[in-house]
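Single-letter residue listing:
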Protein chains: 4
Amino acid sequence: MKAEKAAPRRAGAQEKHDRILKAAVKIFARHGFHNSKISQIAKEAGVADGTIYLYFKNKDDVLISLFEEKLTEAIDRLKELLDGIDAPEQRFRAFIRNYVLYMDENKELAEVISVELRQSNKFMKEYVPIKFGEFLNLVSNLIRDCKDQGVFRTSVPPGIIKRSIFGALDEMVLYMVLDPHPKYDAEEIADALAEFFLEGLKKHPSSGQ
Amino acid sequence: MKAEKAAPRRAGAQEKHDRILKAAVKIFARHGFHNSKISQIAKEAGVADGTIYLYFKNKDDVLISLFEEKLTEAIDRLKELLDGIDAPEQRFRAFIRNYVLYMDENKELAEVISVELRQSNKFMKEYVPIKFGEFLNLVSNLIRDCKDQGVFRTSVPPGIIKRSIFGALDEMVLYMVLDPHPKYDAEEIADALAEFFLEGLKKHPSSGQ
Amino acid sequence: MKAEKAAPRRAGAQEKHDRILKAAVKIFARHGFHNSKISQIAKEAGVADGTIYLYFKNKDDVLISLFEEKLTEAIDRLKELLDGIDAPEQRFRAFIRNYVLYMDENKELAEVISVELRQSNKFMKEYVPIKFGEFLNLVSNLIRDCKDQGVFRTSVPPGIIKRSIFGALDEMVLYMVLDPHPKYDAEEIADALAEFFLEGLKKHPSSGQ
Amino acid sequence: MKAEKAAPRRAGAQEKHDRILKAAVKIFARHGFHNSKISQIAKEAGVADGTIYLYFKNKDDVLISLFEEKLTEAIDRLKELLDGIDAPEQRFRAFIRNYVLYMDENKELAEVISVELRQSNKFMKEYVPIKFGEFLNLVSNLIRDCKDQGVFRTSVPPGIIKRSIFGALDEMVLYMVLDPHPKYDAEEIADALAEFFLEGLKKHPSSGQ
DNA sequence: TATGAATGAGTGTTCATTCAT
DNA sequence: TATGAATGAACACTCATTCAT
């Protein structure tokens, strides 16, 4: 929930807020945050420049809000989806699959997240890291469940696994959405990644120790 | 080899060029590319603002050159190192290990690469993607060798593996260099990652097919 | 009487007009005209921003109206007061005294007049100079009466006297209302100023000529 | 002496600094501080907009520096002049006379000081009040000397006198420089004011008490 | 080569004003 | 009348880049 900024009370307020954020995703994806102009976003959203400042504190806040709201949305969707699945391995697979498919359906958002998240994570102190941490915890929990149930016997520390998986997912998704002639489609990528991670995390009896 | 720009003639020229790039790494790591000022780099390098333009076409070119030269250096170091190792699996392990240790020893460079590479990859059309591709190919080759020798029997496509590994490495390294109180040291991280990847790529007899 | 603007029709209209002006005095005193926002005045007055434009043409007009009405009020009060006094010297003293006391009782108004009047006098072509001239004429008349009755024998031209007196009063009042730990109170200041001016304007037999 | 802002070291630096300040006086006099644009000043000074920021921290600093330097100059000139005069009354007269003539010769500066000083005094915390206080002290000292030597026997407190005199001078000067068809010239005004003040401050034996 | 003063295009942000409700 | 969301013109300030020395 955004604070500080008196949200306009009109009926269409949320709609306009969303329109601006949607425009921002498109513009940021196209030019990158730093090369995007507020006036471009305003134009794309069909509002005046000044209107953006009725809904967001400043340009940074547009990006932060974008991260916050879109990550929340994505996380919620993933959580809800996982709720319907019991078997840990299936949950893990479903997570990977749905993350990849979600990003494939929201290519511009995927671009923005991949390209700008690190910048933001480093230079914007507040919201982004929190939301991002929440996302990483989702991964942690999945891994812990898999371990608890004996699916994963890996000795790799969870803190390393969760980040590695995020890094791999993120990079892969970026490649997927940017490549104009992709060799693999989202489904293939999702399956391959799931396969890769699962193999890496299962402790195979034959591989001894 | 850079073009357009008058090649440095004096012996001290290369030294000044390097000093500027070294300063740039430090400044970019601290503030990010877009928030870094040419004047800050000049000051850090102990030269006048204008002098930077004797060695680099413009601000973008400083970052591009940085990527180009530092990636080249890193790649060459890794290549040379791998040359001394025969067994594919050992080469793979050595690669992971050395990448992580190298970045740990060059924390500022690691930050810049992690935080700025994607932006640059996307928005700077020229050198960066080429150099980055070269790096990825290094990974590809390692994987191909492992496959050729039967170490990896994975069915995951190499194009997906190489990017996943880069993504995981990159994210992990970023975490490593940024966390003020890291839970794991570089050695642990390297070992864990190698373990994770190798397990994921070996085709385990027991895991059937 | 203001023109152009629809005359307030409802009984409550005048009241709202006054509330806005009262709010404006407070806000202008606190931040200065140029640093005051219409929205601040609206908030202070408890009305919507747009409402101000139902009562005033624009921001300038708020200040102009403020000067016009408050100066009129002050002048009328002073005139009325002077009407009850016959002796020119007493009228002069009463004028000084009451101007100072009035401003002391209306500190915020005094600040606005002192700080903004000159700007307005110079850059706002219409009402302000007229009203201000009227105020100065009040002084002129007092002086003329004193001269006519032989109280003042000064050879200093009236045009110079009236402005000097206004300047001195204005500066003194500003000092009085702004100083958080004033050395003199309003009464003392009034008496001192009256003394100073009267001495300066009486032609003292002993001082020759 | 200005600090913080690295003054350009070039030979012509002081000259450019002065040119900008001179331009600022002209522009501020014409439009008032708040309605003056940096670009107007730059144009008038024959420099680029950005150049102004090499010599001044920001727009406020231009005004502050203007006050500081011009007041210093004026005060120094007045001090030097007074040094050559012994008799307190003559010193007082000389002060009035020279202040008025100086302002008459620097009409635009006079306008800026009269119109903007109060704003600045109130809203700019640092330099202006200090310099202004120094100016007031000059007046105080003159009065004290006159009292010490028995020229003034007034009972009006010095703190009130100095501000009244400044207020009267300032207002009178403003009138003088603004009136397109002035009834009095600078000499007359100076003489009249001196006369007025002196009469007001001398304690006339015949006026008893 | 090296300097750093000068440039001026470019933009985030503010806020007086409007107008649909 | 009253509202306050929306507008968009306006502007201070920054900083990459140039160029005279």
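Residue positions are given per chain, counting from 1 as you read along its sequence in written order. Just so you know, chain letters begin at A and ligand numbers begin at 1, following the order they were written in. Local features are withheld for residues below a pLDDT of 70 in this predicted model, meaning they are given only at 70 or higher, and side-chain atom pairs are given and counted only at 80 or more; totals for whole chains, interfaces and linings count all residues. Side-chain measures here rest on the full set of heavy atoms in the structure, leaving out hydrogens and waters.

**Student:** What is the right way to look at the overall build of chain A in this model?
**Tutor:** Each helix corresponds to a stretch of at least 4 residues labelled H or I by DSSP, and each strand to a stretch of at least 2 residues labelled E; elements are numbered beginning at the N terminus. Of the regular secondary structure elements, chain A holds 9 helices and 0 strands. Listed N to C, the secondary structure of chain A is α-α-α-α-α-α-α-α-α in terms of helices and strands. Categorising residues by exposure relies on relative accessible area from a 1.4 Å probe, with only protein chains included: less than 20% of the type maximum marks a residue as buried, more than 50% marks it as exposed, and the intermediate range marks it as partly exposed. Across the 209 residues in chain A, those meeting the buried criterion constitute 53%. Within chain A, contacts between residues separated by at least 24 positions form 74% of all contacts whose residues are at least 6 apart in sequence. Counting only carbon and sulfur atoms, one obtains 49% of the accessible surface of chain A, whose full area is about 9,500 Å². The charge count treats Lys and Arg as positive and Asp and Glu as negative. His and the chain ends do not count. Where a charge lies is defined by one atom per residue type, namely NZ (Lys), CZ (Arg), CG (Asp) and CD (Glu). Within chain A, one finds 32 positive and 33 negative side-chain charges whose respective centroids are separated by 5 Å. For this analysis, residues touch if any pair of their heavy atoms sits within 4.5 Å. Note on areas: these come from Shrake-Rupley sampling with a 1.4 Å probe, and a residue is covered only by the protein chains present in the view.

**Student:** Looking at this structure, how should I read the relation of the copies chain A and chain B?
**Tutor:** One copy of the chain maps onto the other through a rotation about an axis plus a displacement along that axis. A least-squares fit on C-alpha atoms brings the copies together, and the residues used are those whose pLDDT is at least 70 in both copies. If you rotate chain A by 180° and push it 0.0 Å along the axis, it lands on chain B with an RMSD of 0.1 Å. What the superposition gives is, in effect, a two-fold axis relating one chain to the other. Looking at the rotation axis and the C-alpha trace of chain A, the residue lying nearest is Gly-200 of chain A, at 1.6 Å.

**Student:** Before we go on, may I ask you to explain the relation of the copies chain C and chain D in this structure?
**Tutor:** After a rotation of 180° and a shift along the axis of 0.0 Å, chain C superposes on chain D with an RMSD of 0.1 Å. Comparing interface residues between copies, 100% of those in chain C also sit at the interface in chain D, which points to an isologous, same-surface contact.

**Student:** Can you walk me through the interface of chain C and chain D in this structure?
**Tutor:** One frequent convention defines the size of an interface as the accessible area lost when the parts assemble. Counting residues at the interface gives 48 residues for chain C, matched by 48 residues for chain D. For the chain C and chain D pair, buried surface summed over both sides reaches about 4,000 Å², with 64% attributable to carbon and sulfur atoms. On the chain C side of the contact with chain D, Arg-118, Glu-171 and Phe-196 of chain C bury the most area, a combined 19% of that side's loss. Here, a salt bridge means any side-chain nitrogen of Lys or Arg that lies within 4 Å of a carboxyl oxygen of Asp or Glu. On inspection of chain C and its partner chain D, the count reaches 8 salt bridges. Where Arg-163 of chain D meets Glu-171 of chain C, a salt bridge forms, and the shortest distance between an N and an O atom there is 3.6 Å. Nitrogen and oxygen atoms within 3.5 Å of one another constitute a polar contact, given that in protein one can donate a hydrogen and the other can accept it, and given that sequence-neighbouring residues count only through two side-chain atoms. At the junction of chain C and chain D, the tally comes to 11 residue pairs in polar contact (both at pLDDT 80 or more). The leading source of residues in the side of chain C that touches chain D is helix 8 (residues 158-178) of chain C, at 14 residues. For the side of chain C that touches chain D, a count of residues per class yields 22 nonpolar, 13 polar and 13 charged. For any pair of parts, buried area is found by adding up, for both, the accessible area (1.4 Å probe) each one loses once the two are put together. Note on residue classes: Ala, Val, Leu, Ile, Met, Phe, Trp, Tyr, Cys and Pro are nonpolar, Asp, Glu, Lys and Arg are charged, and everything else, Gly too, is polar.

**Student:** Mind showing me how you'd approach the domain arrangement of chain A here?
**Tutor:** Residue and element names in this part refer to chain A. Domain delimitation in this document rests on an assignment produced automatically or drawn from a domain database. Parsing chain A into structural domains produces domain 1 (6-56) and domain 2 (64-203). Once you take the C-alpha centre of each, domain 1 and domain 2 turn out to be 27 Å apart. Each partner contributes to the interface: domain 1 provides 11 residues, whereas domain 2 provides 10 residues. A buried area of about 900 Å², summed over both sides, lies between domain 1 and domain 2, and 69% of it is on carbon and sulfur atoms.

**Student:** Sorry, what's going on with the environment of Ile-143 of chain B here?
**Tutor:** Residue and element names in this part refer to chain B. Of note, Ile-143 is situated in helix 7 (residues 127-148). Owing to a relative accessible area of 1%, Ile-143 belongs among the buried residues under this scheme. As for Ile-143 and Asp-18, which are separated by 125 residues in sequence, their C-alpha atoms are 34 Å apart. Setting aside chain neighbours within four positions, we find Ile-143 in contact with Phe-92, Phe-152, Ile-161, Lys-162 and Ile-165.

**Student:** What is the right way to read the packing of aromatic side chains from this model?
**Tutor:** In this description, an aromatic ring pair is defined by two values, namely the gap between the centres and the angle between the planes. Any two rings among Phe, Tyr and Trp, with Trp reduced to its six-membered ring, count as a pair given centres within 6.5 Å; such a pair is stacked if its planes are under 30 degrees apart, edge-to-face if over 60, and tilted if neither. For the structure on display, the rule yields 36 aromatic pairs over all chains. Ring centres of Phe-132 of chain B and Phe-166 of chain B lie 4.7 Å apart, and the angle between their planes is 65°; this geometry places the pair in the edge-to-face category. Of the two residues, Phe-132 of chain B is situated in helix 7 and Phe-166 of chain B in helix 8 (residues 158-178); the sequence distance between them amounts to 34 residues. Aromatic side chains Tyr-99 of chain D and Phe-135 of chain D sit 5.4 Å apart centroid to centroid with 45° between the ring planes, which places their arrangement in the tilted category.

**Student:** Can you walk me through the protein's contact with DNA strand F in this structure?
**Tutor:** Around DNA strand F sit 32 residues, and of these Thr-51 and Tyr-55 of chain A, Lys-37 of chain B, Thr-51 of chain C together with Lys-37 of chain D come closest. A cutoff of 4 Å decides nearness: a residue is near a molecule or strand if any of its heavy atoms lies inside that distance of it. Here, DNA strand F places atoms within 4 Å of the protein, and 73% of those atoms are sugar or phosphate. Note that a phosphate oxygen of DNA strand F is positioned 2.9 Å from one of the backbone N or O atoms of Ile-38 of chain B. At a separation of 3.0 Å, a phosphate oxygen of DNA strand F approaches a polar side-chain atom of Tyr-53 of chain D. For the surface near DNA strand F, the elements supplying multiple residues, two or more each, are helix 3 (49-55) of chain A, helix 3 (49-55) of chain B, helix 3 (49-55) of chain C together with helix 3 (49-55) of chain D. Of the residues belonging to the surface near DNA strand F, the class tally is 13 nonpolar, 10 polar and 9 charged.

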